Structures are given as structure tokens and as C-alpha cells.
Amino acid sequence: MEQARSSLAHLGKWGHSHLRLATSEAACEALLPAVLAQLKEQYPQCQVTVASGDVSKSIDLLHEGQADLVLSLEPGPEAGVEFLPLFTDELMFLVSAAHPWAAARAVVREQIPTQPYILYSRASYTSRLIDGYFRHEEMTLLTMMEVGSMSAIRAMVQRGLGVTILAPWVAREEIAGGSIVALPLGRRKLTRTWGVLHRHGRRLNLAEEQFIALCRNAGAMLSGELAAKQATSSA
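Predicted, not measured: the structure shown is a model, and the values here were computed from it. Here the residue index of a chain counts from 1 through its sequence in written order. Totals for whole chains, interfaces and linings use all residues, but because this is a predicted model, local features are given only for residues with pLDDT of at least 70 and pairs of side-chain atoms are given and counted only at 80 or more. Where side-chain values are given, they derive from all heavy atoms of the structure, hydrogens and water being excluded.

Here we take up the side chain of Gln115. We count a stretch as a helix when DSSP gives it H or I for four or more residues in a row; a strand needs E for two or more, and each element gets its number in order from the N terminus. Mapped onto the fold, Gln115 is located in the loop between α5 (100-104) and β5 (117-119). Look at Gln115 and you get buried, because its relative accessible area is 11%. Each polar contact in these results corresponds to two N or O atoms within 3.5 Å; when the atoms are within protein, one needs to be able to donate a hydrogen and the other to accept it, and residues that are neighboring in sequence are counted only if both atoms are side-chain atoms. Within the structure, Gln115 has its side chain in polar contact with the side chain of His99 (distance 2.8 Å). Each residue gets one of three labels from its accessible area relative to the maximum for its type: buried under 20%, exposed over 50%, partly exposed in between, using a 1.4 Å probe on protein chains only.

Pairs were defined over the aromatic rings of Phe, Tyr and Trp, the Trp ring being its six-membered one, requiring ring centres within 6.5 Å. Orientation was assigned from the angle between planes: stacked under 30 degrees, edge-to-face over 60, tilted for the rest. Within the structure shown, the criterion is met by seven aromatic pairs. For the ring pair Phe93 and Tyr117, a centre distance of 6.3 Å and an interplane angle of 35° mean the geometry is tilted. Linking Phe93 in strand β4 (residues 82-96) with Tyr117 in strand β5, this pair joins segments that are 24 residues apart in sequence. According to the relative accessible area criterion, Phe93 is buried, its value standing at 0%. Residue Tyr117 is classed as buried on the basis of its relative accessible area of 0%. Among the aromatic residues, those joined into a cluster by ring pairs are Phe93, Trp101, Tyr117, Tyr133 and Phe134.

The next thing to look at is the nonpolar core. Core analysis: the largest hydrophobic core is formed by 71 residues, its most contacted members being Phe93, Tyr117, Phe134, Ile165, Trp169 and Phe211. When residues in this core are grouped by element, the largest group, eight residues, is from β4. Between two residues, a contact is recorded if the distance between any of their heavy atoms is within 4.5 Å. For Phe211, the contacting residues outside a window of four places in its chain are Leu19, Leu21, Leu32, Val35, Leu36, Leu39 and Leu69. Grouping buried Ala, Val, Leu, Ile, Met, Phe, Trp, Tyr and Cys residues that are joined through side-chain atoms within 4.5 Å yields what is termed a nonpolar core.

Another aspect to go through is helix α3 (residues 32-42). What α3 keeps buried is the set Leu32, Val35 and Leu39. Looking straight down α3, one finds that the buried residues subtend no more than 70° of arc, so they occupy a single side. Working note: the arc is built from the helix axis to C-beta atom directions.

Salt bridge criterion: a side-chain nitrogen from Lys or Arg within 4 Å of a carboxyl oxygen from Asp or Glu. Enumeration according to the criterion identifies eight salt bridges in this entry. Across the salt bridge formed by Arg154 and Glu174, the nearest N and O atoms sit 3.2 Å from each other. Highlighted residues: Arg154 in helix α7 (residues 150-158) and Glu174 in helix α8 (residues 172-177), separated in sequence by 20 residues. Glu174 shares its class with Arg154; the two are buried. Put simply, Glu208 and Arg202 hold a salt bridge, and the shortest N to O gap is 2.7 Å. The class of Glu208 is buried, set by a relative accessible area of 2%. The structure contains a network of salt bridges with shared partners spanning Arg20, Asp68, Arg202 and Glu208.

Okay, structure coming up:
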């Protein structure tokens, strides 16, 4: 009975809760700052901690009880967690403004396999999606560098060291400033679904529900605004 009272008291004090999050570096940079600022306004007593890692590492933290929510790409059913979808994005070629593809605003298909690519960790979920996409196109990409930092990848692409494949919102500032150009992979789009993961059967508190709603709005705005800008620039 005493344990039940304690649990109910904890649920009732959602304003003083501790929200433990796990997510990727890209989401930490682009999504979380604005979302957490809004959350802090609504729940000033809610303490938030964030662990950065790839999808598999974040899911491990969830299963180990070291994270309450994971902001992540949709995993397979083998992950054994509940997935609440938030928004979708599209993976595209990101090139320096000085790259010939940027000047032409078009990708030369025959040149795709021969470009020097700067890609994120080959063990990542996104890298596996990219491999599958180009395997379907009967292409093998030449990976010049494997880099585990999104900011480093952006800097290298800006300097013309290679081409990368990322969602445009990851480089939104560089794209807006004109130093990086986003181009479609081909006729087929390669899309991903982002969402929030939590353990099966776990009841979310009010702060967590609000965090999810804020992420949904921020993600939709981020991906939608960039898509609109790209459509305008290519028109």
C-alpha cells in the first residue's frame, strides 16, 4: 500500500519530474533546443537529461531503464518497444555550392558511384537505408570517409571534400546560407519516419506527452519549411 501511495504521489508531481531522454546528435542539434525551451516554460520544475547516441544505443538505454523516452527513427519490430510516429523526412545528396551538381541543380546519374562520399557511421540505421536504396539502383557508392560527427560532415562538405547523404534539416543553416545545396537521390524518394519510443505498457505523464507534442510540431515545421524552400529554389 505504501508503495502504491508513493507511485501515485510521483505521478501527481509531474511538474517536479525528471525526464530522461536519448536521441541522435542530429536531433540534439536541430530539434531539441527549441523543444526543450518550450517544455521548460510549461514545466519549469521538470529536470531533463539527454544522452546522445545512435538508434541501437538509445534503445539499449530504454531497455536498461536509463532512459524514459527515445527520439529516434522507426526501428524494426525486433526492438520490442512502442513507437509513436512524429514526422517524416527525406534523405538527399548534400553538396558544396561549388560542386558541378549544385550549379546545374541536377544530379548526373552516371556520376553517382564515382563521387567521394563522406558518410555517417556505417553501422548506423541510416547508412543501412542508403545501402539498400543504391543496391536497388544497382550502384555501389565510393565511401571516402566515415565520420561520426554531423558538424564535421557539414564542414567537410562545405569545403568541397566530398558529397554526403543526409536529411536537409541537418544542414538547414548551411542550406539557407547557400554554402550547401540539397539535391534528390533520384526518381524514388528515400524517406524515414521519426518518432518517440517508450517501453511497452508504460503510462506517459503530462510532461512526457507535452514533449511528444512539441517534437511533432517542431519536426513537421522543420521538414516542411525546408521542403518548401527547396521547391521554390528549383522552380
